[in-house]
Amino acid sequence: MAEKRPIWTKSFINISISTFFIFVVFYALMTLIPLYVLDDLKGTAAQGGIAVSVFLVSAIIIRFIAGMILEKFGKRKILVISVLMFMISTFFYVLIGDFETLLALRFFQGIWFSLVTTVGGAIAAEIVPPERRGEGLGYYGIAMNLAVVVGPFIGLTLKPFLSYQLIFMILGFIMIIGFFCVLSVDVGEDIRTKKEKRKLAISDFIEKKSMPIASVGFLVSFAYAGIIAFISVYAESLGLIKTASFFFMVYAVAMLLVRPFTGRLFDSIGPNIVIIPSCIMFGIGLISLSFTTSSWMLLFSGALVGLGYGTLLPSFQTLAIQAAEKHRSGYATGTFFALYDSGLAIGSVSLGVIAGIAGYANLYLLLGIFMFGVAAYYVWIMSKFRIPANL
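Let us look at the structure shown here. Only a predicted model underlies this, so the values are computations on that prediction, with no experimental measurement involved. (Residues numbered from 1 in each chain as written. Predicted model: local features only at pLDDT ≥ 70, side-chain atom pairs only at ≥ 80, totals over all residues. Heavy atoms only, no water.)

So, the overall build of the protein
Quick note on the threshold: The helix and strand labels rest on DSSP assignments: H or I over at least four residues marks a helix, E over at least two residues marks a strand, and numbering proceeds from the N terminus. Put simply, the radius of gyration uses C-alpha atoms, and a globule should come to 2.2 Å times the residue count raised to 0.38. It only takes one pair of heavy atoms within 4.5 Å for two residues to be counted as in contact.
Tallying secondary structure elements over the protein gives 13 helices and 0 strands in all. Going from the N terminus to the C terminus, the protein shows its helices and strands as α-α-α-α-α-α-α-α-α-α-α-α-α. Relative to a compact globule of 391 residues, whose C-alpha radius of gyration would be 21 Å, the protein shows 20 Å and is just as compact. Judged by the C-alpha coordinates and their principal axes, the protein covers about 55 × 45 × 40 Å. Excluding contacts between residues fewer than 6 apart, the proportion of contacts in the protein whose partners are at least 24 apart in sequence is 85%.

Pasting the structure below:
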């Protein structure tokens, strides 16, 4: 029996740590920016929402050309430049003096966030052994999932004691650590292809082979937007706002408990045994939220969501990459995250409208039922397009 090749190489550890710090800063800023607009810039809640969404808009736009950029300039160069620019733009928040400048900075930083997360995912997929890609990207995904807890915790914990400018400085210094980590990442053979001049084609913007599974990711992120955008508001309406701060902590613990096993199952048996139960578990967690009346029910729902959703993102990313040719991993990653980010953005807006009409409890009930439909849609996608489950 051949010995398993290691996942935890120096490069994999460094790209994972850097990704963790990038997402910590991303989630900390997402939590703080609306408050900063209200407190320091004397803006409105609507302007705070715009400042959050303009970041996602620029990120989604860049996703569609990220693969072309990586192919032309190489993953290593784009990784270093994008982390450096994301770090510099984090320090720039200290200099903000008005709302218009903030919007410009948010749009600018969204560009580099889009590039660094696209190239980071593509590199992580390439440096783990192909036969252990599901397990490896599962571990890589932990960096993003843990940041959901750590980022807002840092931002909201420091807010009562420090000025926004000092907090922005601290986040900038966190990114310095992330930048030094990527300097130690060995990309290996950084394939760049020189193409003869021709008209742009759809393949220069998206990876068509990854679109089917990316569409499933879009639907899942649409449902997850109901958690990210409204869980604190829902908890407050139930009188459970203090418990809400522990929701994502329980979510993270549940995710960490199952991630090592689900990644191995993905590689050894196939994605269906992981993804179908995870979709159903996520749906049950959303339905549980709709019936929540106490703290323990809210935390129990958080655990179910962690067990379900926490496994889906790296699983879909793995399938999206494996659907494409190896040299188009950047296109596959960009395509996947373009649809994933779009699901979050569209969900945050449209689900807010639904919640205003039906109420948050009914919203989560509908989303739970919706996830059962997503599980069925995933089964259809896998059978119709014959997406490679293993390499």
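Brief notes about the packing of helix α3 (residues 75-92) against helix α4 (residues 99-127)
Note the cut-off: Only the contacting stretch of a helix is used when fitting its axis, a line to C-alpha atoms as for every element, and angles between N-to-C directions run 0 to 180 degrees. Here is the rule for handedness: rotate from the far helix to the near one, and if that takes an anticlockwise turn smaller than a right angle the crossing is left-handed, while a clockwise turn gives right-handed.
It is the contact of α3 with α4, at a shortest axis distance of 8 Å, that shows an interaxial angle of 145 degrees. Between α3 and α4 lies a crossing of left-handed hand. Contacts from Lys 75, Ile 78, Leu 79, Ile 81, Ser 82, Val 83, Met 85, Phe 86, Ser 89, Thr 90 and Phe 92 of α3 reach α4 at Leu 105, Phe 108, Gln 109, Trp 112, Phe 113, Leu 115, Val 116, Val 119, Ala 122, Ile 123 and Glu 126.

Some details on the packing of helix α11 (residues 295-322) against helix α12 (residues 329-358)
The condition is simple: Any angle from 65 to 115 degrees is called roughly perpendicular, while one under 35 is roughly parallel, one over 145 is roughly antiparallel, and all others are oblique. Each residue receives one of three labels: charged for Asp, Glu, Lys and Arg, nonpolar for Ala, Val, Leu, Ile, Met, Phe, Trp, Tyr, Cys and Pro, and polar for the others, Gly being one of them.
Running from N to C, α11 and α12 cross one another at 140 degrees; their axes reach a closest spacing of 8 Å. Taken together, the axes of α11 and α12 lie oblique to each other. In this structure, α11 meets α12 at a crossing whose hand is right-handed. Each of Tyr 309, Leu 313, Phe 316, Gln 317, Ala 320 and Ile 321 in α11 lies in contact with α12, whose residues at this interface are Ser 329, Ala 332, Thr 333, Phe 336, Phe 337 and Tyr 340. Of the residues contributing to the contact of α11 with α12, the split by class is 9 nonpolar, 3 polar and no charged.

Observations regarding the packing of aromatic side chains
Which entries qualify depends on this criterion: Working definition: rings of Phe, Tyr and Trp (its six-membered ring) pair if their centres are within 6.5 Å, and the pair is stacked with planes under 30 degrees apart, edge-to-face with planes over 60 apart, and tilted otherwise. Residue burial is assigned from relative accessible area. The probe radius is 1.4 Å, only protein chains are included, and a residue is buried under 20% of its type maximum, exposed over 50%, and partly exposed in between.
For the structure shown, the criterion picks out 29 aromatic pairs. Arranged with centres 5.3 Å apart and planes meeting at 85 degrees, the rings of Tyr 36 and Phe 168 form a pair that is edge-to-face. In this pair, Tyr 36 is assigned in helix α1 (residues 10-39) and Phe 168 in helix α6 (residues 164-182), connecting sequence segments 132 residues apart. Of the two residues, Tyr 36 and Phe 168, neither departs from the other in class, the shared state being buried. Between the aromatic rings of Phe 55 and Phe 113, the centroid separation amounts to 5.3 Å while the plane-to-plane angle is 55 degrees, which identifies the pairing as tilted. Taken together, the positions of Phe 55 in helix α2 (residues 45-73) and Phe 113 in helix α4 put the pair 58 residues apart, joining distant regions of the chain. The class for Phe 55 is buried, based on a relative accessible area of 1%. By relative accessible area, Phe 113 is classed as buried at 4%. Here the aromatic cluster, defined as three or more aromatic residues joined through ring pairs, consists of Phe 23, Phe 26, Tyr 27, Phe 55, Phe 86 and Phe 113.

Quick word on the pattern of salt bridges
Put simply, the test is: Throughout this description, the term salt bridge denotes a Lys or Arg side-chain nitrogen within 4 Å of a carboxyl oxygen of Asp or Glu.
This structure, assessed with the given rule, holds 2 salt bridges. Taking the shortest distance from any N to any O, the salt bridge between Arg 63 and Asp 341 comes out at 2.9 Å. Here Arg 63 is found in helix α2, whereas its partner Asp 341 is found in helix α12, with 278 residues between them in sequence. We note a salt bridge from Glu 126 to Lys 75, for which the minimum N-O separation is 3.2 Å. Of the two residues, Glu 126 sits in helix α4 while Lys 75 sits in helix α3, which places them 51 residues apart along the sequence.

A short note on a nonpolar patch on the surface
Note the cut-off: To count toward a patch, a residue needs a relative accessible area above 30% and no salt bridge. Like charges then connect within 9 Å, nonpolar side chains (Val, Leu, Ile, Met, Phe, Trp, Tyr) within 5 Å. Note that accessible areas follow from Shrake-Rupley with a 1.4 Å probe, and for residues the cover is restricted to the protein chains shown.
Judged by side-chain polarity, Phe 161, Leu 162, Leu 166 and Ile 170 come together as a nonpolar surface patch covering roughly 380 Å² of accessible area. Structurally, Leu 166 can be placed in helix α6. When its relative accessible area of 45% is taken as the criterion, Leu 166 is described as partly exposed.

Examining the nonpolar core
We count it as follows: Residue types Ala, Val, Leu, Ile, Met, Phe, Trp, Tyr and Cys, when buried and joined through side-chain atoms within 4.5 Å, form a set referred to as a nonpolar core.
Ranked by internal contacts, the top residues of the largest apolar core, which has 117 residues, are Leu 102, Tyr 224 and Phe 282. For this core, the element with the most residues is α1, which contributes 16 residues. With near-sequence residues (within four places) excluded, Phe 282 lies in contact with Val 220, Ala 223, Tyr 224, Val 305, Gly 308, Tyr 309, Leu 312 and Met 371.

Section: the side chain of Asn 14
Cut-off, in case you're wondering: A 3.5 Å cut-off defines polar contacts: any pair of N or O atoms within that distance qualifies, except that in protein one atom must be a possible hydrogen donor and the other a possible acceptor, and neighbouring residues in sequence count only when both atoms are side-chain atoms.
With respect to the helices, strands and loops of the structure, Asn 14 is situated in helix α1. Among the polar contacts listed, one links the side chain of Asn 14 to the backbone oxygen of Lys 10, at a separation of 2.9 Å. Beyond its immediate chain neighbours, meaning those up to four positions away, Asn 14 contacts Cys 181, Ser 184 and Val 185.

Describing the environment of Phe 113
The spatial distance from the C-alpha of Phe 113 to the C-alpha of Lys 159 is 24 Å, given a sequence separation of 46 residues. The residues touching Phe 113, leaving out its near neighbours within four places in the chain, are Ile 22, Phe 23, Phe 26, Phe 55, Arg 63 and Phe 86.

Purely geometric stuff here, so don't read any function into it on its own.
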